[in-house]
Amino acid sequence: MAACRVNVEEITGQLEDCLSKLGFEVYPLKVAWYNSLLPPSLRLAYPDDSLAVVVLSTPSMFEQAFLPFLEERGCQGLSDPIDQCVKHCVTSAVSQCFPGQEVDVRYDYELLPSRKPKFLAQTAAHVSGAAFYYQQSDVRDQPWAEKKMFGVCVHPRFGGWFAIRALLVFGGVMAGSEMVQPVPPDCVPSREGRIQLLEAFNFHWQDWVYRDIIRPVQTYSQKQKDYFSTLPAKRFDLLKTWGLMPSENVQPEPTSDTQSQVNGHG
Ligand code: B12
């Protein structure tokens, strides 16, 4: 496809029309904003001005997209049900909004042959302005000595009650210089707050407390909490008790979905 200039709002607006009613949010970015922070092995092989869009799931994705998806289509095969649903929603939106156009869609759980993630979800969320990415280096006089602490994004409305699901790269679509890099809202400005956040995320993420570092406008429903606090290998059984899995569906081996055990998808 020949490179073209477009109205960024037009593209994000079309995606939003399809995806917001399903509980997703979309934020545009320029490839250069992302690439400029990363070493060559993690960069996207697209021109600096190419448009990309990061897709987040909000708490309502579970009720607005996931449960209806299972009711209508059921799960196919053994891959993670949430991943199947997100993929279905995103690919349907892309083919409906941009028929015939080449869009490189990358999901949070996908790895490159080098075993590196296909995109760094948190860096993308930060540079798009969607959610501030708090990293170890954002804390002055760190109390953790040499220990490696994983960073975490905080959404200004949902706190930690969201996930970063996909990056859409429109390689041939050039955003003009009028597209200005937004600064994500710094909702955890104090050193103490950031220490509390990073410790909660790294040392006891299972209790969900890190997600409430700011008061969220909405959290996961009890049903969604039950789902995500179930081990990935046991989630098929839980869905069955909800009447959402045809019983002839094949059972996954406990080890068949290691990626979702890694990342949990919540
Ligand atoms: C691998 C992985 C893990 C691994 C390793 C974690 C890690 N961060 O490396 C493990 C298994 C430990 C893990 C665990 C969890 N994970 Co995880 N994980 C991932 C995954 C798939 C890749 C992360 C990764 O490898 N990053 C590579 C490292 C090197 O990147 P980095 O540390 O950010 O370093 C880069 C930046 O610093 C950047 N950079 C440099 N300078 C600057 C400056 C600025 C301003 C910026 C923005 C960037 C930047 O350059 C560096 C690279 O060179 C992501 C999804 C994805 N595709 O990104 C989810 C993800 C990070 N995980 C997530 C979650 C929620 C979890 C868990 C809570 C599990 C769960 N079920 O919910 C736990 C919590 C962590 C813990 N206590 O163990 C969420 C985080 C959401 C958020 N709010 O931030 C993600 C984004 C998945 C998602 N779909 O939303 N995870």
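Small disclaimer: the values here were computed from a predicted structure and weren't measured.

Caption draft 1: Representation of the overall build of the protein. Of the regular secondary structure elements, the protein holds nine helices and seven strands. For 266 residues, the compact-globule formula gives about 18 Å, and the C-alpha radius of gyration of the protein, at 19 Å, lands near that figure. By residue count, 51% of the 266 residues in the protein fall in the buried class. Considering only intrachain contacts with a sequence separation of at least 6, the fraction spanning at least 24 residues in the protein is 74%. Side-chain charges of the protein comprise 24 positive and 30 negative groups, with the mean position of each set lying 4 Å from the other.

Caption draft 2: Focus on the nonpolar core. Of all hydrophobic cores here, the largest spans 71 residues; its most connected members are Leu15, Leu19, Phe66, Ile164, Leu167, Leu168 and Phe170. For this core, the leading source of residues is helix 4 (residues 81-97), giving eight residues. Excluding its chain neighbours within four sequence positions, the residues that come into contact with Phe170 are Ile11, Leu15, Ser50, Leu51, Val53, Phe98, Gln101 and Val103. If you look at the next biggest cluster of nonpolar residues, it comprises 14 residues, including Tyr134, Trp144, Leu198 and Tyr210.

Caption draft 3: View of unusual backbone geometry. Backbone geometry places Arg115, a non-glycine residue, at a positive phi of 70°. With respect to the helices, strands and loops of the structure, Arg115 is situated in the loop between strand 4 (104-107) and helix 5 (121-127). Accessibility expressed as a relative area gives 64% for Arg115, which makes it exposed. At Trp208, a residue that is not glycine, the phi angle is positive and equals roughly 70°. Considering the arrangement of structural elements, one finds Trp208 in the loop between helix 6 (191-203) and helix 7 (222-228).

Caption draft 4: Fine view of helix 1 (residues 8-19). Taking 1.5 Å per residue, twelve residues should reach 16 Å; helix 1 reaches 16 Å between its end C-alpha atoms and fits that length. All of the buried residues in helix 1 are Val8, Ile11, Thr12, Leu15, Cys18 and Leu19. Within helix 1, the buried residues cover an arc of 125° as seen down the axis, which keeps them to one side. Exposed residues on helix 1 whose side chains face more than 90 degrees from its buried face are Glu9, Glu10 and Asp17. Among the structural elements, strand 2 (24-30), strand 3 (50-57), helix 4 and strand 7 (163-174) are those in contact with the buried residues of helix 1. Between a side-chain oxygen at the N-terminus of helix 1 and the backbone nitrogen of Glu9 the separation is 3.1 Å; the capping residue is Asn7.

Caption draft 5: Structural view of the site of the ligand. Neighbouring the ligand are 29 residues, the closest being Asp108, Tyr133, Gln135, Cys153 and Phe201. A distance of 2.9 Å separates a nitrogen atom of the ligand from a polar backbone atom of Ile164. Those elements that provide at least two residues to the shell around the ligand are helix 5, strand 6 (152-154), strand 7, helix 6 and helix 9 (258-263). A breakdown of the residues in the shell around the ligand according to their chemical character gives 19 nonpolar, seven polar and three charged.

Caption draft 6: Fine view of the packing of aromatic side chains. In this structure the tally under the stated criterion is 15 aromatic pairs. Ring geometry for Trp161 versus Trp208: centroids 5.7 Å apart, planes at 5°, classification stacked. Of this pair, Trp161 sits in the loop between strand 6 and strand 7 while Trp208 is found in the loop between helix 6 and helix 7, placing the two residues 47 residues apart along the sequence. Note on Trp161: relative accessible area 2%, which makes it buried. A centroid spacing of 6.3 Å and a plane angle of 80° characterise the contact between Trp208 and Tyr220, whose relative ring orientation is edge-to-face. Here Trp208 is found in the loop between helix 6 and helix 7, whereas its partner Tyr220 is found in the loop between helix 6 and helix 7, with twelve residues between them in sequence. The pair formed by Trp208 and Tyr220 is uniform in burial state, with each residue classed as buried.

Cut-offs and rules
- Residues numbered from 1 in each chain as written.
- Predicted model: local features only at pLDDT ≥ 70, side-chain atom pairs only at ≥ 80, totals over all residues.
- Heavy atoms only, no water.
- Helix = DSSP H or I, 4+ residues; strand = E, 2+ residues; numbered from the N terminus.
- Rg over C-alpha atoms; globule rule 2.2 N^0.38 Å.
- Buried < 20%, exposed > 50% of the residue type's maximum accessible area, 1.4 Å probe, protein only.
- Contact = heavy atoms within 4.5 Å.
- Lys, Arg positive; Asp, Glu negative; His and termini not counted.
- Charge placed at Lys NZ, Arg CZ, Asp CG, Glu CD.
- Core = buried A, V, L, I, M, F, W, Y, C linked by side-chain atoms within 4.5 Å.
- Expected span 1.5 Å × (residues − 1).
- Arc of directions from axis to C-beta.
- Polar contact = N/O pair within 3.5 Å; in protein donor to acceptor, adjacent residues only side chain to side chain.
- Near = heavy atom within 4 Å.
- Nonpolar A, V, L, I, M, F, W, Y, C, P; charged D, E, K, R; others polar.
- Phe/Tyr/Trp six-rings, centres within 6.5 Å; stacked < 30°, edge-to-face > 60°.

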